[in-house]
Amino acid sequence: MAEPRDPAERCSCRNTNCVEHLLRWLFEGLASGVAACPWPFVLVPLLLSGGLGAGFVFLPQRQANDIEGQFTPSWGPAKAERDFVRRHFPTNDSERFSAPRLPTEGAYAALIAVATSGTSVLDAAAWAEVLRLNATVHDAEYERLCARTAGGCASPNELLSSRGDAGPPAPGSLRFPVNDGVFLGAALGGVETDGERLLRARALKLVYYLREDGPEAQDSRRWLESFLQNISSKVAELHLGSIQVTYFTSLSRQQEFEGNTKSVIPLFSVTYFLTISFSIISCLRLSCIRNNIWLASCGVLSSGLAVLSSFGLMLFCGVPFVVTVANAPFLILGVGVDDMFIMIASWEQSSKKKQNSSVKSLLVETYAEAALSVTITTLTDVLAFFIGTWTAFPSVRSFCLYTGTAFVFCYVYTMTFFGAVLVLNHKREQGNRHWLTCMPVDVGQGQAENSCLYNACCIGSCSRQPSQPEGEHPMSVFFKKHYGPFVTNKWIKVLLVLLYGAYLGGSIYGCTQVREGIDLRNLANDASYVIPYYDDDDKYFSTYGPRVMVVVTESVDYWNESVRLGIESCVQNLENVSYVDKKYSESWLRIYTDLAKRYPININSKTDFLNKLTILFGARPSSEWDISKTQDAIEASRFFIQTVNVTSAVDEKNLLNQLREAAKQCSIPLKVYHPAFIYYDQYLVIVQNTVQNVVVAAGAMLVVSLLLIPNPLCCLWVTFAIASVIVGVAGFMTFWNVNLDSISMINLVICIGFSVDFSAHISYAFVTSGESSANKRAIEALSLLGYPVLQGAVSTILGVVVLAAANTYIFRTFFKIMFLVIFFGALHGLVFIPVFLTFFGNFGRSPNTKSKKLELEKL
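Quick caveat, the model's predicted, so the values are computed rather than measured.

K.L.:
Just to check I follow, could you spell out the pattern of salt bridges for this structure?
P.N.:
As a working rule, side chains carrying opposite charge can pair if their charged atoms are close by. One pass over the structure, following the stated rule, counts 21 salt bridges. Across the salt bridge formed by arginine 660 and glutamate 81, the nearest N and O atoms sit 3.5 Å from each other. Placement of arginine 660 in helix H25 (residues 649–664) and of glutamate 81 in helix H6 (residues 77–88) is noted, with a sequence separation of 579 residues between them. Across the pair lysine 205 and aspartate 537 runs a salt bridge, and its minimum N-O distance is 2.7 Å. Pair noted here: lysine 205 is in strand E7 (residues 197–210) and aspartate 537 is in helix H20 (residues 530–540), with a separation of 332 residues, a long-range link.

Okay, structure coming up:
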């Protein structure tokens, strides 16, 4: 009995498989069109790719590699806090510059001088070299552009300005970290003290701030660029022997990050070479006629066209091109080749079953079997990426848009362009034409005297007989005769279940050790000059962390004693945070209150409070508080607290959470702010965003699987594979020193789609098998799709393996997690899932499998 040709009939016959039958009917129609007229399906993708590829002319305009804009949450609280500080506490770099009071990092160049051979920078020789170094940087142009306070340039180091030419301080003559009211915690590092007496210091930091709030802003930027170009040579000319110098500027992080894309461009050619070579070797046949070299090459070309079309379309649409998007072509290439292997495997199976059938019949059979499997995996991948756009990180959003769109084009081109290539290649084989020259292969009697090598290359057979279709691929035979029976052996099953238990246990433990947040040094090249600077800064200057602003955000009655007590209580709560040292807090209100106790000032009177405030504090009003235009209220004010021992990402996360929680519990409206909090905000959303995307995507995968895979139990196993692979990748990436950040978050989104790919292929083949026992059905599934799945896994890894050689964290992280995703995905698809499916015997069998097998036998 033949199946109904109309989709409505099929749905009425088998309601549970309605979507599957509808898709099969659509694919059969597409295959008939491609087989009847293949050339338009070859030419249209080429022309479309060429047209959309014109979008690359907009690439320079679309590049958006601003670190803050792309790698911090779009709606991070610190950004709103910074805007508030800017409005109420404007800076004045020309007259009253103060680095802790800046709402941003500022424009600056920094040097760290470290004493060599374990000596101290306060020794006479090292101190003299520090002075020479300072004189070299402090040139006439810097004098013109420097941020100024008290009539001169802001000092690059508090100790340096207080000593002048007096020479280094004697051991024990200074207190640390505060000496005569001057905070030295950020000026000297690696210190040794006797009580609070400073004995020696291993490092000294010089920070040269420039003006950025006036017409000199562009000149300041040019000075910093000149500084970066010349500082290495200037330091070399000084012939320093007592100190080693590392340097950094406010431009460095961004410039180094923008250079990452250029470093990976040469790897594209290596990737395409490796992928094409692997594809050709995988599709190689010992026949000049049956060789599939052109199929392999066109499969890779199809992926390249998908990249060209999707990227061009996104650039036309104005989607920002972020450096993380440069990872996408490597991934798309591997996935496109994976689909190619599935199509070729299905085509060869159809050719064996219907050796004398027309090309239309063969392509219809191929599409009916392979296209549904490819559709499931593509749909899950695309869903995973578009769900990934629901994130607070613009860099993740751009990557998911570019890559998800590329997957759509990759699928369309596989179904059209590559399908047409299959037809044309089949016609060449039917015409007995050579794979390279497309000339007919003649097996005439005149060829008898030619050598075996000549006959093999030019005829297709050493024996001078025309090349015939080959039997099963050796790898398919291996999966059928050796691997399949091996993994379905009952004792091997027990061993594999124990192995899975060990895998799951290790993964869960790794998940408990996940480290959050991106280290800003990882945005630079490994060989960058900023890495030694970061190392020295962490090693010698991590004891004292950010000096945090505590901002009263609303107008309150400071002249009301209960309000003052409330503010004092709030500040004390903040000072009780474990990362705050209360000895170094700074509060104008405390000073004012103390003055009122010593002098006849009635601070409980509004008029006296406001009048005496401006008299006693002089020039500070614009720095510490914002008085309304009517001079009758203080709209906002701020205090400062000093953080300590913020040495890791965990400390940064805990500091931010504890400070904000303490501020939230205060009866007075407070905010805490420091420019570094812009980056700390990622800790608030990274886990939440990742879990949200993973859960939503996994749910979507389950729905897709239920609609397209004709067996609910199989869908559950696919969902199980998703969860298992995600847990494995998240756990083992910890062992590979990869943090959970916006970069690895991208890969965890990818993980969802790929974990479906491998398990869905095998599961679908298992439930549609006509074999009687679960073990035989697992063996048949492995024999049919084990090799294509293995090919796809290897090709995808080859697509990203060159990134392991990249000298940038972003690209190496992409390789590491993609390797884990593909390895664990293939491990589940080829090892764990086949074994687990056999435990349920006929419960995993599709209800229509037996009738399908009988129908196939009748055809």
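Once the structure has been displayed, the description carries forward.
K.L.:
Would you take a moment to explain the pairing of strand E12 (residues 634–644) for this structure?
P.N.:
Within a regular strand, the side chains alternate between the two sheet faces. Within E12, 10 of the 11 residues are buried, which leaves the element mostly enclosed by the surrounding structure. Pairing geometry for strand E9 (residues 544–552) and E12, over 7 bridges, is antiparallel. Looking at E12, one finds that valine 552 is bridged to serine 637. Relative to E12, strand E10 (residues 580–586) runs antiparallel, the two sharing 3 bridges.

K.L.:
Teacher, can you tell me more about the nonpolar core here?
P.N.:
Counting 262 residues, the largest nonpolar core has Tyr558, Trp588, Phe609 and Leu659 as the members making the most contacts within it. With residues near it in sequence (within four places) discarded, phenylalanine 609 still touches Tyr558, Trp559, Trp588, Leu589, Tyr592, Asn602, Ile603 and Ile634.

K.L.:
Would you take a moment to explain the packing of helix H15 (residues 359–387) against helix H27 (residues 682–708) for this structure?
P.N.:
A pair of packed helices can be characterised by two numbers: the angle between their axes and the separation between those axes. The geometry of H15 relative to H27 is characterised by a closest axis approach of 9 Å and an angle of 155° between their N-to-C directions. The orientation of H15 with respect to H27, classified from their angle, is roughly antiparallel. Crossing of H15 against H27: the hand is right-handed. Each of Leu372, Thr375, Ile376, Leu379, Thr380, Leu383, Ala384 and Ile387 in H15 lies in contact with H27, whose residues at this interface are Asn693, Val696, Ala697, Ala700, Met701, Val704 and Leu708. Looking at the contact of H15 with H27, its residues break down into 12 nonpolar, 3 polar and no charged.

K.L.:
How should the state of the cysteines be read in this particular structure?
P.N.:
Each disulfide consists of a covalent bond between the sulfur atoms of two cysteine residues. Taken as a whole and assessed by the stated rule, the structure comprises 2 disulfides. The partner cysteine of cysteine 146 in its disulfide is cysteine 153, sulfur to sulfur 1.9 Å. Between cysteine 146 and cysteine 153, the S-S dihedral sits near -75°, and the bridge is therefore left-handed. On the basis of relative accessibility, which here comes to 17%, the residue cysteine 153 falls in the buried class. For cysteine 570, the disulfide goes to cysteine 666, at an S-S distance of 1.5 Å. Here the disulfide of cysteine 570 and cysteine 666 is right-handed, its torsion about the S-S bond being about 80°. With cysteine 570 in helix H21 (residues 561–575) and cysteine 666 in the loop between H25 and strand E13 (670–673), this residue pair connects regions lying 96 residues apart in the sequence. Among the residues examined, cysteine 570 registers a relative accessible area of 5% and is labelled buried.

K.L.:
Please clarify how a nonpolar patch on the surface should be interpreted in this entry.
P.N.:
Nonpolar side chains collect at one region of the surface, where Trp39, Leu43, Leu46, Leu47 and Leu301 lie side by side and expose about 510 Å² of accessible area between them. Mapped onto the fold, leucine 301 is located in helix H13 (residues 293–316). In this structure leucine 301 comes out as partly exposed when scored by relative accessible area, which is 39%.

K.L.:
Would you mind going over the sheet that holds strand E8 (residues 243–249) with me for this structure?
P.N.:
Strand-to-strand pairing in sheets goes through backbone hydrogen bonds, with the strands running parallel or antiparallel. Strands sit in the order E6-E7-E1-E8 across an open sheet of 4 strands; the sheet is antiparallel. The open sheet has two edge strands with one neighbour each: strand E6 (188–194) and E8. Averaged over neighbouring strand pairs, the angle between their axes works out to 25° when direction is ignored. Strand direction decides the pairing type here: strand E1 (residues 107–115) and E7, joined by 8 bridges, are antiparallel. Looking across to E7, one finds that leucine 111 is bridged to leucine 206.

K.L.:
I'm lost on the environment of valine 685 in this one. Help?
P.N.:
Looking at where valine 685 falls in the secondary structure, it is placed in helix H27. Relative accessible area serves as the criterion here: at 1%, valine 685 is assigned to the buried category. Here the alpha-carbon distance between valine 685 and glycine 517, two residues 168 residues apart in the chain, equals 10.0 Å. Those residues in contact with valine 685 that lie beyond four places of it in its chain are Pro73, Trp75, Ala392 and Phe393.

K.L.:
Help me understand the side chain of threonine 116, please; the structure alone is not making it clear to me.
P.N.:
Structurally, the position occupied by threonine 116 is in the loop between E1 and helix H7 (124–137). The exposure class assigned to threonine 116 is buried, which follows from its relative accessible area of 18%. Not counting chain neighbours up to four residues away, the residues in contact with threonine 116 comprise Arg202, Gly241, Ser242, Ile243 and Gln244.

K.L.:
I would appreciate a short explanation of the environment of leucine 827 in the present structure.
P.N.:
Relative to the elements of secondary structure, leucine 827 occurs in helix H31 (residues 809–838). In this structure leucine 827 comes out as partly exposed when scored by relative accessible area, which is 21%. Sequence separation of leucine 827 and valine 725 is 102 residues, and the distance between their C-alpha atoms is 9.3 Å.

K.L.:
Quick question: what am I supposed to make of unusual backbone geometry here?
P.N.:
Most of the time, phi is negative for any residue but glycine, and the peptide bond is trans. In this structure, proline 177 follows phenylalanine 176 across a cis peptide bond, with omega equal to 10°. Note on placement: proline 177 falls in the loop between helix H9 (158–163) and strand E4 (178–179). The phi torsion at asparagine 737 lies on the positive side, around 60°, for a residue other than glycine. Mapped onto the elements, asparagine 737 comes out in the loop between helix H28 (712–735) and helix H29 (742–767).

K.L.:
What is the right way to read the packing of helix H22 (residues 588–598) against helix H23 (residues 606–617) from this model?
P.N.:
Here H22 crosses H23 at 105°, and the two axes come no closer than 12 Å. The angle between H22 and H23 places the two elements in the roughly perpendicular class. Judged by residue contacts, Trp588, Leu589, Ile591, Tyr592 and Leu595 of H22 engage Asp608, Phe609, Lys612, Leu613, Leu616 and Phe617 from H23. Here the contact of H22 with H23 is built from residues that sort into 9 nonpolar, no polar and 2 charged.

K.L.:
Would you explain the environment of threonine 768 in this entry?
P.N.:
Along the polypeptide, threonine 768 turns up in the loop between H29 and helix H30 (774–801). Threonine 768 sits 13 residues away from alanine 781 along the chain, and the two C-alpha atoms are 8.9 Å apart.

K.L.:
In this structure, what is going on with helix H18 (residues 474–487)? I would like to understand it.
P.N.:
For the α-helix, the turn length of 3.6 residues means that residues three or four positions removed from each other point alike. In this model H18 runs 18 Å from its N-terminal to its C-terminal C-alpha over 14 residues, within 8% of the 20 Å that 1.5 Å per residue would give. Those residues of H18 not exposed but buried are Ser476, Phe479, Tyr483, Gly484 and Val487. For H18, the elements touching its buried residues are helix H19 (490–512), H30 and H31.

K.L.:
For this particular structure, what's the right way to read the confidence of the model for the protein chain?
P.N.:
Detail in the predicted coordinates should be disregarded across regions flagged by low pLDDT. Predicted confidence across the protein chain gives a mean pLDDT of 83, with 89% of residues reaching 70 or more. Low pLDDT, under 50, characterises residues 1–16; the stretch is placed with 24 contacts to residues that sit more than four places away or in other chains. Low pLDDT, under 50, characterises residues 849–859; the predicted model gives this stretch 13 contacts beyond four residues in sequence or across chains.

K.L.:
Help me out: how do you make sense of the packing of aromatic side chains in this one?
P.N.:
Each aromatic ring pair is specified by the distance between its two centres and by the angle formed by the two planes. For the coordinates displayed, the defined rule picks out 56 aromatic pairs. Note on phenylalanine 176 and tyrosine 544: the rings are 6.2 Å apart at their centroids and 70° apart in plane angle, and the pair reads as edge-to-face. Separated by 368 residues along the polypeptide, phenylalanine 176 in the loop between H9 and E4 and tyrosine 544 in strand E9 bring together distant segments of the chain. Of the two residues, phenylalanine 176 and tyrosine 544, both sit in the buried class. Taken together, a centroid distance of 5.1 Å and an interplanar angle of 65° make the contact between phenylalanine 385 and phenylalanine 407 edge-to-face. Of this pair, phenylalanine 385 sits in helix H15 while phenylalanine 407 sits in helix H16 (residues 394–430), and the two are 22 residues apart along the sequence. Residue classification places phenylalanine 385 among the buried positions, given a relative accessible area of 2%. Between the NZ or CZ atom of lysine 205 and the centre of the ring of phenylalanine 541, over which it lies, the distance is 4.7 Å. Lying over the aromatic face of tyrosine 679, arginine 253 brings its terminal NZ or CZ to 5.8 Å of the ring centre.

The rules behind the values
Throughout this document, residue positions are counted from 1 along each chain, in the order its sequence is written. In keeping with the model being predicted, local features are shown solely for residues with a pLDDT of at least 70 and side-chain atom pairs are shown and tallied solely at 80 or more, while totals for entire chains, interfaces and linings include all residues. Each side-chain value is worked out from all heavy atoms of the structure, with water and hydrogens disregarded. When a carboxyl oxygen of Asp or Glu lies within 4 Å of a side-chain nitrogen of Lys or Arg, that pair is called a salt bridge. Under the scheme used here, helices are H or I runs from DSSP no shorter than 4 residues and strands are E runs no shorter than 2 residues, and both carry numbers assigned from the N terminus. In this scheme, a residue with accessible area under 20% of its type's maximum is buried, one over 50% is exposed, and one in between is partly exposed, where area comes from a 1.4 Å probe on protein chains only. Here the rule is simple: two strands pair whenever DSSP picks up at least two bridges between them. Each nonpolar core is a collection of buried residues, namely Ala, Val, Leu, Ile, Met, Phe, Trp, Tyr and Cys, held together in the definition by side-chain atoms within 4.5 Å. Any two residues whose heavy atoms approach within 4.5 Å at even a single point are treated as in contact. For helices, the fitted line uses only the C-alpha atoms of the stretch in contact; every axis is such a line through C-alpha atoms, and the angle between N-to-C directions lies from 0 to 180 degrees. By definition in this entry, angles of less than 35 degrees are roughly parallel, angles greater than 145 are roughly antiparallel, angles of 65 to 115 are roughly perpendicular, and the rest are oblique. By the definition used in this description, the sense in which the near helix is turned from the far one sets the handedness, with an anticlockwise turn below a right angle giving left-handed and a clockwise turn giving right-handed. Under the convention adopted here, Pro, Cys and the residues Ala, Val, Leu, Ile, Met, Phe, Trp and Tyr are nonpolar, Asp, Glu, Lys and Arg are charged, and Gly plus all remaining residues are polar. Here, the term disulfide refers to a pair of cysteine sulfur atoms separated by no more than 2.5 Å. Candidates for patches are residues over 30% relative accessible area with no salt bridge; among them, like charges are joined within 9 Å and nonpolar side chains (Val, Leu, Ile, Met, Phe, Trp, Tyr) within 5 Å. With residues, only the protein chains shown are counted as cover, and all accessible areas are computed by Shrake-Rupley using a 1.4 Å probe. To estimate the expected span of a helix, subtract one from its residue number and multiply by 1.5 Å. Per-residue confidence from the predictor is reported as pLDDT, which spans 0 to 100. Put simply, two rings from Phe, Tyr or Trp (the six-membered ring, in Trp's case) pair if the centres are within 6.5 Å, and we call them stacked under 30 degrees between planes, edge-to-face over 60, tilted for the rest. Over a ring means this: the NZ of a Lys or the CZ of an Arg is within 6 Å of the ring centre and within 35 degrees of the ring normal.

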